[in-house]
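Structural features, examined
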Amino acid sequence: MSFDDLGLSPELLKAVADAGYTTPTPIQRQAIPVVLMGRDVLGCAQTGTGKTAGFTLPMIDILAGGRARARMPRSLILEPTRELAQQVAESFEKYGKHHKLNMALLIGGTSMDDQKAVLQRGVDVLIATPGRLLDLFDRGQILLADCKLLVIDEADRMLDMGFIPDIEKIVGRLPQQRQTLFFSATMPPEIRRLADKFLSNPKAISVDPPASAAVTVTQALIRTSMDPKVKREALRTLLRSEEIASALIFCNRKRDVALLHKSLERHGFNAKALHGDMSQPARTETLDQFRAGKAQLLVCSDVAARGLDIPAVSHVFNFDVPIHAEDYVHRIGRTGRAGRSGKAFTLATPADSKFLASIRHITKKDIPEITLEGIAAPAEGEAPAREERRGRGRSERGERSDRRGRGRGRAREEATVAETPVAEPVPADVLATEVPAVEAPAEVANDAVVAEIVPARRRHERPASDEGRRSAGRRERREEPRQGGRGEPRDRRPSDEPHHPTSTFGDHTPAFLLRPTRAVG
Ligand code: AMP
């Protein structure tokens with residue numbers, strides 16, 4: 001089957017050919033004709049399957065006929081993270097370049113004034129993260145009554161990030177008569193319930209996870225000590241032994257992203273860091289630099305890196321074994337994309353055995369173990385105490401690593417202390433390029449860091465009052481900072497409080513915020 005058989009307009013077929021696609025992927029083959037018919041879709045598919053084109057291509061043809069009115073978007077795409085929203089916006093530009101549709105991207109951390117101006121001019125496609133959309137809705141800047149086409153993307157990720165109440169609010173403001181496309185990589189019962197609520201007689205579509213990760217990614221596991229200093233040394237040895245075009249290095253926690261980034265820079269590596277506590281302009285700039293090849297290594301957290309599509313990534317390093325096995329699949333899927341080959345290395349300590357077991361459970365195989373010269377194996381009987389205690393902190397996904405009492409959102413509800421801020425004492429080995437010279441102080445400094453972590457370990461204890469628990473839950477649950485301060489709940493922000501955006505684009509309206517997608521002639 002070719003794209004010609006899917007019922008798309010000649011303009012779209014040209015855009016698809018310009019993108020270099022010759023054959024539709026399975027999700028595109030299944031979804032495009034159904035969406036063009038106006039039916040709801042319940043799609044079980046991950047990033048990497050061509051899902052974005054699966055919904056954006058038919059949307060462009062559906063929307064081509066009408067005209068947008070001020071502040072009344074005609075369609076809405078909800079994404080869990082800013083990076084994914086940006087990626088979808090880029091796809092829209094690519095596929096819609098022969099059409100005259102207006103698109104707006106509403107994400108936290110960028111100027112709200114620019115976004116208001118764009119909405120005022122009328123948009124056909126609104127791509128948004130839930131928090132920013134609700135903020136603008138509450139300020140009367142958006143009316144959703146004309147929004148007849150809704151896409152909820154990465155629904156399971158929305159659930160992980162605590163966005164479901166926001167999604168329910170948003171959907172409650174859309175017209176009943178609409179077409180809804182609902183995508184999720186997995187279908188746990190909570191997601192099923194939502195799908196039943198939002199969709200009407202949907203066509204169920206399911207595609208396998210992209211085969212590329214399994215087929216084109218060479219995986220390896222290296223056993224190492226739990227001592228972070230030794231782990232960093234092991235990583236450096238690996239980095240030096242591999243021919244790396246560009247690489248993502250995953251840590252489980254934001255603070256470790258910052259520490260490892262500093263350490264790598266001190267040791268002369270060309271590295272950048274990306275995590276959810278950074279301002280949006282900083283995140284965008286970092287990603288742009290990494291995409292452009294100006295930084296070879298990107299140390300990142302799962303939240304920031306989810307779904308990133310950067311074809312040149314030759315390597316993925318798991319500095320930490322992911323707490324959630326499905327994140328392992330997502331992480332290694334960042335390399336070996338579009339049929340290229342890639343390598344994924346995982347550093348595993350004696351404390352990681354249960355996480356490795358769950359990876360084995362979902363991938364149905366062991367990660368092949370290798371030993372590398374110069375990488376210290378864990379000492380016989382190394383006690384996992386310290387690492388396990390650390391493991392009971394929070395990942396950036398805001399969940400407990402031991403998953404006890406999980407029920408997904410529940411862990412967030414019980415949170416009492418937000419993630420440890422990134423600015424923390426830095427172990428001496430991070431500051432010193434030559435480790436041996438500072439061996440003794442390094443221990444002291446490392447202990448200082450451990451001492452820092454101890455109060456944070458108590459974060460699973462319940463707060464004294466219910467209000468404390470509720471407000472802590474609200475603080476913790478968002479990846480996307482609200483306008484008016486990170487994690488500050490909207491309902492506690494005085495309505496007349498002066499608006500101080502975290503950062504702005506100044507006088508310049510970025511091209512991606514408003515660009516007629518036409519580029520004909
Ligand atoms: P997605 O799953 O939407 O994130 O897409 C993953 C990658 O596949 C992106 O780099 C797309 O540009 C690419 N892609 C999407 N559809 C096709 C296709 N039909 N042929 C080749 N590449 C595609």
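**Observations regarding the overall build of the protein**
A tally of regular secondary structure across the protein gives 21 helices and 13 strands. Counting contacts in the protein only where the partners sit at least 6 residues apart, residues at least 24 apart contribute 78% of the total. A total of about 21,200 Å² of accessible surface is found on the protein, and carbon and sulfur atoms cover 51% of it.

**Details of the sheet that holds strand 8 (residues 217-223)**
Pairing within the open sheet is parallel, and its 6 strands lie in the order 8-13-12-9-11-10. The open sheet is flanked by strand 8 and strand 10 (271-274), the only strands paired with a single partner. The average angle at which neighbouring strand axes cross in this sheet is 20°, direction not considered. Across 4 bridges, strand 12 (residues 315-318) lies against strand 13 (residues 342-348) in parallel orientation. Within strand 13, the position partnered with Asn 318 by the bridge is Thr 346. Seen against the sheet, helix 11 (residues 228-241) touches strand 8, strand 9 (247-250), strand 11 (297-300), strand 12 and strand 13 and runs at an angle of roughly 160° to strand 13. Contacting strand 9, strand 10 and strand 11, helix 12 (residues 254-266) runs over the sheet at an angle of about 170° to strand 10.

**Overview of the side chain of Ser 111**
Mapping Ser 111 onto the fold places it in the loop between strand 3 (103-106) and helix 5 (112-120). Of note is the side chain of Ser 111, whose polar atom sits 3.2 Å from the backbone nitrogen of Asp 113. Within the structure, the side chain of Ser 111 is placed 3.1 Å from the backbone nitrogen of Asp 114, a separation counted as a polar contact.

**Remarks on the packing of aromatic side chains**
Evaluation of the coordinates by the stated rule reveals 3 aromatic pairs. Taken together, a centroid distance of 5.6 Å and an interplanar angle of 10° make the contact between Phe 317 and Phe 345 stacked. Here Phe 317 is found in strand 12, whereas its partner Phe 345 is found in strand 13, with 28 residues between them in sequence. Phe 317 gets classed as buried once you look at its relative accessible area, which sits at 1%. The side chain of Lys 231 reaches across the aromatic face of Phe 319, ending 4.7 Å from its centre.

**Here we look at the site of the ligand**
Looking at the ligand, there are 15 residues lining it, with Tyr 21, Gln 28, Gly 48, Thr 52 and Asp 309 nearest. Protein contact buries 76% of the 500 Å² of open area that the ligand shows by itself. Here the shell around the ligand is composed, by residue class, of 3 nonpolar, 8 polar and 4 charged.

**Quick notes on the pattern of salt bridges**
One pass over the full model with this rule turns up 21 salt bridges. Note that Arg 157 and Asp 160 form a salt bridge whose closest N and O atoms lie 4.0 Å from each other. Here Arg 157 and its partner Asp 160 are both found in helix 7 (residues 155-160), 3 residues apart, which amounts to about one turn of the helix. Classification of Asp 160 as buried rests on a relative accessible area of 5%.

**Describing the sheet that holds strand 6 (residues 179-184)**
In sheet architecture, strand pairing relies on hydrogen bonds along the backbone and comes in two forms, parallel and antiparallel. Taken together, 7 strands build an open sheet; the order of strands is 3-4-2-5-6-1-7 and the sheet is parallel. Across the chains shown, the open sheet's two edge strands, defined by having one partner strand only, are strand 3 and strand 7 (203-206). When strand polarity is set aside, the average angle formed by the axes of neighbouring strands in this sheet is 10°. Along the sheet, helix 9 (residues 189-198) contacts strand 1 (41-44), strand 5 (149-152) and strand 6; its crossing angle with strand 6, the most-contacted strand, is approximately 170°.

**As for the confidence of the model for the protein**
On average, the protein scores 75 in pLDDT, and the residues at 70 or more come to 70%. Segment residues 398-521: pLDDT under 50, and 254 contacts once partners within four positions in sequence are set aside and those in other chains are kept.

**With respect to the pairing of strand 4 (residues 125-128)**
Successive side chains on a regular strand alternate, one facing one side of the sheet and the next facing the other. Because side chains alternate across strand 4, one face comprises the buried residues Val 125 and Ile 127, and the other comprises Leu 126 and Ala 128, equally buried. Here strand 2 (residues 75-78) pairs with strand 4 via 4 bridges, running parallel. Bridging across to strand 4, Leu 78 finds its partner in Ala 128. Two strands pair when backbone bridges link them, and strand 3 and strand 4 are joined in this way by 4 bridges, in the parallel orientation. What sits directly across from Leu 105, in strand 4, is Ile 127. A crossover links strand 3 with its parallel partner strand 4, the connecting element being helix 5, and its sense is right-handed.

**What about the environment of Leu 149?**
Structurally, Leu 149 can be placed in strand 5. Residue contacts for Leu 149: discarding those within four places in its chain leaves Met 59, Ile 62, Arg 74, Ser 75, Leu 76, Gln 179 and Leu 181.

Calculation rules
- Residues numbered from 1 in each chain as written.
- Predicted model: local features only at pLDDT ≥ 70, side-chain atom pairs only at ≥ 80, totals over all residues.
- Heavy atoms only, no water.
- Helix = DSSP H or I, 4+ residues; strand = E, 2+ residues; numbered from the N terminus.
- Contact = heavy atoms within 4.5 Å.
- Areas by Shrake-Rupley, 256 points an atom, 1.4 Å probe, with all protein chains shown as cover.
- Pairing = 2+ DSSP bridges.
- Axes fitted to C-alpha atoms, helices over the stretch in contact; angles between N-to-C directions.
- Polar contact = N/O pair within 3.5 Å; in protein donor to acceptor, adjacent residues only side chain to side chain.
- Phe/Tyr/Trp six-rings, centres within 6.5 Å; stacked < 30°, edge-to-face > 60°.
- Buried < 20%, exposed > 50% of the residue type's maximum accessible area, 1.4 Å probe, protein only.
- Lys NZ or Arg CZ within 6 Å of the ring centre and 35° of its normal.
- Near = heavy atom within 4 Å.
- Nonpolar A, V, L, I, M, F, W, Y, C, P; charged D, E, K, R; others polar.
- Salt bridge = Lys/Arg side-chain N within 4 Å of Asp/Glu carboxyl O.
- pLDDT = per-residue confidence, 0-100.
- Right-handed = clockwise from strand over helix to strand, strands pointing away.

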